[in-house]
Amino acid sequence: MQLRDYQQDALAACWDYLRNRPGNPALVLPTGAGKSPLMAALAREAVENWQGRVGILVHVGKLVKQNSEKLRQVWPDAPMGIYAAGLRRRDRFDKILVMQIQSVANRAHELGKFDLLLIDEGHRVALKDEGRYRMFIAACLAINPALRVVILTATAYRLQGVAVPICGPDYIANEVAYEAFIPDLIADGYLSKLVNKKGGEVADLSRVRIVGGEYVESELSDAMMADGLVQRTVTSVLSLAHGRHCGIVFCVDVKHAIAVADELKSRGESVAVVYSGSAGQTEAFEGHENGKYRWLVNVNIASEGYDNPMISVVVMLRPTKSPGLMYQQ
């Protein structure tokens, strides 16, 4: 696998920052721009050129699988292990270790010394001294005070409510070392041009409260399901998505997602539904990728890190005040 020109630029910018500046850099690549191959290249060069040991941190099992597969494509003979309880892998001392943060947050002392940590979907790292990532990084720093951390994300700000930057003098990431921009990637043919189609139905959100910069979820769900809105919305969606064979739908909560999925099924559509704790997620994602299901209806499960190039229509049924969440979805 050969890196694209902007991925090469990001790689060079990262090493330049690590060589010549203190602190930790962030690399910002939009959704679809290929953070996984970039991480793989960073890990390979750290091991081959600097004899370093690299940890790759992600927040869900499917990203462990995705990033480890991309690493194998970039470097077939990579000395790589996996630590993710959900995948029943608990490797510990490989030169490159791909880890699910929930499995290793309090186990840094069992995994040996890291020289470089790469954090995928790095906007998830807490800004203050709390959270699993901060706990793990602090423990790794206690073992190796010279540890460096690189954050990779599509959004250089947090997803909840107002846009709060993830870089700052007291944060894990101190500066953005490289950022690729969607208009440039579209112009260069790396990303598809976005075609916006406004639906014919509009929810009444006038009575939905905003707390902490975001809609109250239960009230938002009720508004999105009021007065037959789901049925009318699905009619609009199917009309606007005519000729598109693979779509993804973002819903407010489980109740809303099930209602939308049931309505799609009643129109003869093939649908998979995923949400936190739902059964059969692996089959749902694989079925969506291989064409078994035309629609993947989800609640904040496929907002980050879902890699399905077949998707040709994105349906936003989840109003939000968060620029970050909108951008990721």
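Every residue gets a number counted from 1 within its own chain, in the order that chain's sequence is written. Note on the predicted model: pLDDT of at least 70 is required for a residue's local features to be given, and 80 or more for side-chain atom pairs to be given and counted; whole-chain, interface and lining totals, by contrast, use all residues. For side-chain calculations, the full set of non-hydrogen atoms in the structure is used, while hydrogens and water are omitted.

1. Focus: the packing of aromatic side chains
Part 1 of the reasoning: By convention, a stacked pair of Phe, Tyr or Trp rings (six-membered ring in the case of Trp) has centres within 6.5 Å and planes under 30 degrees apart, an edge-to-face pair has planes over 60 apart, and any other such pair is tilted. In the structure shown here, the tally under the stated rule is four aromatic pairs.
Part 2 of the reasoning: Taking 6.4 Å as the distance between ring centres and 40° as the angle between the ring planes, the aromatic pair formed by Trp15 and Trp50 counts as tilted. Linking Trp15 in helix 1 (residues 5–20) with Trp50 in helix 2 (residues 35–50), this pair joins segments that are 35 residues apart in sequence.
Part 3 of the reasoning: The cut-offs for exposure are 20% and 50% of the maximum accessible area for each residue type, with area from a 1.4 Å probe on protein chains only; residues under the lower value are buried, those over the upper are exposed, and the others partly exposed. Assessed through its relative accessible area of 9%, Trp15 is described here as buried.
Part 4 of the reasoning: Residue placement shows Arg53 over the ring face of Phe114; its charged tip is 4.3 Å from the ring centre. Only DSSP runs of H or I reaching four residues or more are called helices, and only runs of E reaching two or more are called strands; each is numbered from the N terminus. Whether a charge sits over a ring depends on NZ of Lys or CZ of Arg being within 6 Å of the ring centre and within 35 degrees of the ring normal.

2. Quick look at a negative patch on the surface
Part 1 of the reasoning: A surface patch of like charges, here negative, comprises Asp5, Asp9, Asp184 and Asp188.
Part 2 of the reasoning: Within the secondary structure layout, Asp188 lies in the loop between helix 6 (182–187) and strand 9 (210–211).
Part 3 of the reasoning: Residue class for Asp188 comes out exposed when judged on its relative accessible area of 51%. Patch building starts from residues that exceed 30% relative accessible area and form no salt bridge, then joins like charges within 9 Å and nonpolar side chains (Val, Leu, Ile, Met, Phe, Trp, Tyr) within 5 Å. Each accessible area value is a Shrake-Rupley result obtained with a 1.4 Å probe; residue values ignore everything except the protein chains displayed when judging cover. For this analysis, a salt bridge means a side-chain nitrogen from Lys or Arg found within 4 Å of a carboxyl oxygen belonging to Asp or Glu. His residues and chain termini do not enter the charge count, which takes Lys and Arg as positive and Asp and Glu as negative. Note that the charge is assigned to NZ on lysines, CZ on arginines, CG on aspartates and CD on glutamates.

3. Considering the sheet that holds strand 11 (residues 247–250)
Part 1 of the reasoning: Pairing between strands is defined by DSSP: at least two bridges between the two strands are required. Pairing is parallel in the open sheet, where four strands are placed in the order 12-13-11-14. The sheet is open, and its two edges are formed by strand 12 (271–274) and strand 14 (313–316), each paired on a single side. Pairs of neighbouring strands in the sheet enclose a mean axial angle of 15°, with direction left out of account.
Part 2 of the reasoning: Note that strand 11 and strand 13 (residues 295–298) share four bridges and pair parallel. Orientation is described by axes fitted as lines to C-alpha atoms, over the contacting stretch for helices, and by angles from 0 to 180 degrees between their N-to-C directions.

All quantities given are derived from atomic positions and should not be read as evidence of function.
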